[in-house]
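Per-entry structural report
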Amino acid sequence: MEVVIRQNYNEMSKLAAQMVAELLNTKPNAVLGMATGSTPLGLYQELVRMYKQGQLDFSRVMTFNLDEYVGLPGNHPQSYAYFMQENFFRHVNVPAQNINVPSGTTSNYPAFCDWYEKRIAECGGIDLQILGIGSDGHIAFNEPTSSLSSRTRLKTLSKQTIDDNARFFERREDVPVYAITMGVGTILEARQLLLVASGKSKASAIAQAVEGPVTSMVTASALQLHRDATVIVDEDAASELTMREYYEFIYAAKPAAPRA
Ligand code: PGA
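Structural notes, computed from the coordinates. All values derive from a computational prediction rather than experimental measurement.

1. A word on the environment of Ser-59
Within the fold, Ser-59 resides in the loop between helix 2 (41-52) and strand 3 (62-65). On the accessibility criterion, Ser-59 (32% relative accessible area) is partly exposed. When the C-alpha atoms of Ser-59 and Ala-96 are compared, they prove to be 9.9 Å apart, with 37 residues separating the residues in sequence. With residues near it in sequence (within four places) discarded, Ser-59 still touches Asn-93, Pro-95 and Asn-98.

Written as structure tokens, this is what we have:
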């Protein structure tokens with residue numbers, strides 16, 4: 001895994017956007033895995049800026065979102081479908097029929113989850129999956145103890161995640177208890193993983209994910225099993241990493257490093 005430390009949130013977001021832009025410039029019909037949450041907002045803003053300046057075209061891009069709250073329809077302001085529309089899709093030219101967000105209101109979750117997996121496969125698999133990390137170490141809604149082979153399914157949110165996400169809802173009781181989420185196994189099949197993290201509240205989860213053992217207690221640690229995973233963190237999120245100098249040394253030497 002490659003770990004890149006940037007000075008602040010803006011620099012983290014810009015570098016992440018550059019990686020997405022590089023992919024789209026070499027593969028205009030790329031399949032992008034999208035994430036929600038506060039962290040990727042800056043990355044989306046940067047992609048929107050590039051699109052508006054004519055540097056990016058999403059007309060052939062296909063997208064798959066990681067997860068959705070169960071019980072929230074797509075027009076609910078706290079649903080992830082709504083989040084994606086407001087913060088990204090309505091500002092760029094991804095065709096509506098190319099956008100896939102898990103349904104939070106299907107009448108048959110197992111069938112929907114199977115269909116979502118099949119749809120990803122039919123589209124050739126995800127080229128680049130954007131990820132955030134929860135303060136409990138989750139990726140998507142794969143809470144501690146989620147199988148590292150898990151597929152898209154229903155998941156009960158952890159108390160920590162409900163507490164973390166309560167800030168978006170009027171009352172803590174309004175936070176849905178269940179979510180539909182891609183599994184860790186689904187995520188690991190993406191050809192490239194790009195995890196962004198910012199702030200002190202993520203420092204411990206990042207240290208465990210990057211430098212701790214691979215464990216279902218910290219599902220982000222599964223990135224260690226992937227051959228092309230990049231973790232971009234700001235100073236605060238990097239503050240508990242012990243190998244920082246080494247990551248910086250690798251990054252500084254990168255242009256000169258022999259290509260694999
Ligand atoms: P956040 O959420 O970006 O809002 O901190 C990240 C996550 O839970 O994956």
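2. Quick word on the side chain of Thr-230
Here Thr-230 lies in strand 10 (residues 229-234). Taking relative accessible area as the criterion, Thr-230 reaches 4% and is therefore assigned buried. Residues contacting Thr-230, with those up to four places away along its chain left out, are Glu-2, Val-4, Met-19, Leu-193, Leu-194 and Leu-195.

3. What to know about the packing of helix 1 (residues 9-26) against helix 2
Where helix 1 meets helix 2, the closest approach of the two axes is 8 Å, and the angle between their N-to-C directions is 55°. Classified by the interaxial angle, the pair formed by helix 1 and helix 2 is oblique. Between helix 1 and helix 2 lies a crossing whose hand is right-handed. Of helix 2, the residues touching helix 1 (which contributes Tyr-9, Ser-13, Lys-14, Ala-16, Ala-17, Gln-18, Val-20 and Ala-21) are Leu-41, Gly-42, Leu-43, Glu-46, Leu-47 and Met-50. Looking at the contact of helix 1 with helix 2 residue by residue, the class counts come to 9 nonpolar, 3 polar and 2 charged.

4. Quick word on the site of the ligand
Around the ligand lies a shell formed by Gly-37, Ser-38, Thr-39, Gly-132, Ile-133, Gly-134, His-138, Arg-167 and Lys-202. Within the contact set of the ligand, an oxygen atom lies 3.2 Å away from a side-chain nitrogen or oxygen of Arg-167. Against a free-state accessible area of 280 Å², the protein chains account for coverage of 84% of the ligand. Most atoms of the ligand, that is more than half of them, are within 2 Å of grid points of the second largest pocket. Split by residue class, the shell around the ligand holds 1 nonpolar, 6 polar and 2 charged.

5. Considerations on empty space enclosed by the protein
Scanning all chains against the criterion turns up 1 cavity of 30 Å³ or more. Its boundaries defined by the atoms lining it, the largest cavity holds a volume of some 40 Å³. Met-1, Ile-133, Leu-195, Ile-206, Ala-209, Val-210, Ala-220, Leu-223 and Val-231 together form the lining of the largest cavity. Of the residues forming the lining of the largest cavity, the biggest block, 3 residues, is contributed by helix 7 (residues 203-211). Residue composition of the lining of the largest cavity, grouped by class: 9 nonpolar, no polar and no charged.

Reading the values: rules and limits
- Residues numbered from 1 in each chain as written.
- Predicted model: local features only at pLDDT ≥ 70, side-chain atom pairs only at ≥ 80, totals over all residues.
- Heavy atoms only, no water.
- Helix = DSSP H or I, 4+ residues; strand = E, 2+ residues; numbered from the N terminus.
- Buried < 20%, exposed > 50% of the residue type's maximum accessible area, 1.4 Å probe, protein only.
- Contact = heavy atoms within 4.5 Å.
- Axes fitted to C-alpha atoms, helices over the stretch in contact; angles between N-to-C directions.
- Parallel < 35°, antiparallel > 145°, perpendicular 65-115°, else oblique.
- Left-handed = near helix turned anticlockwise from the far one by under 90°.
- Nonpolar A, V, L, I, M, F, W, Y, C, P; charged D, E, K, R; others polar.
- Near = heavy atom within 4 Å.
- Polar contact = N/O pair within 3.5 Å; in protein donor to acceptor, adjacent residues only side chain to side chain.
- Areas by Shrake-Rupley, 256 points an atom, 1.4 Å probe, with all protein chains shown as cover.
- 1 Å grid on protein atoms, 1.4 Å probe; cavity = no way out; pocket = protein on both sides within 12 Å on 5 of 7 lines; lining within 4 Å.
- Sits in = over half its atoms within 2 Å of the grid points.
- Points joined across faces, edges and corners; volume = space filled by probe spheres on them.

Read these as spatial facts, not as claims about activity.
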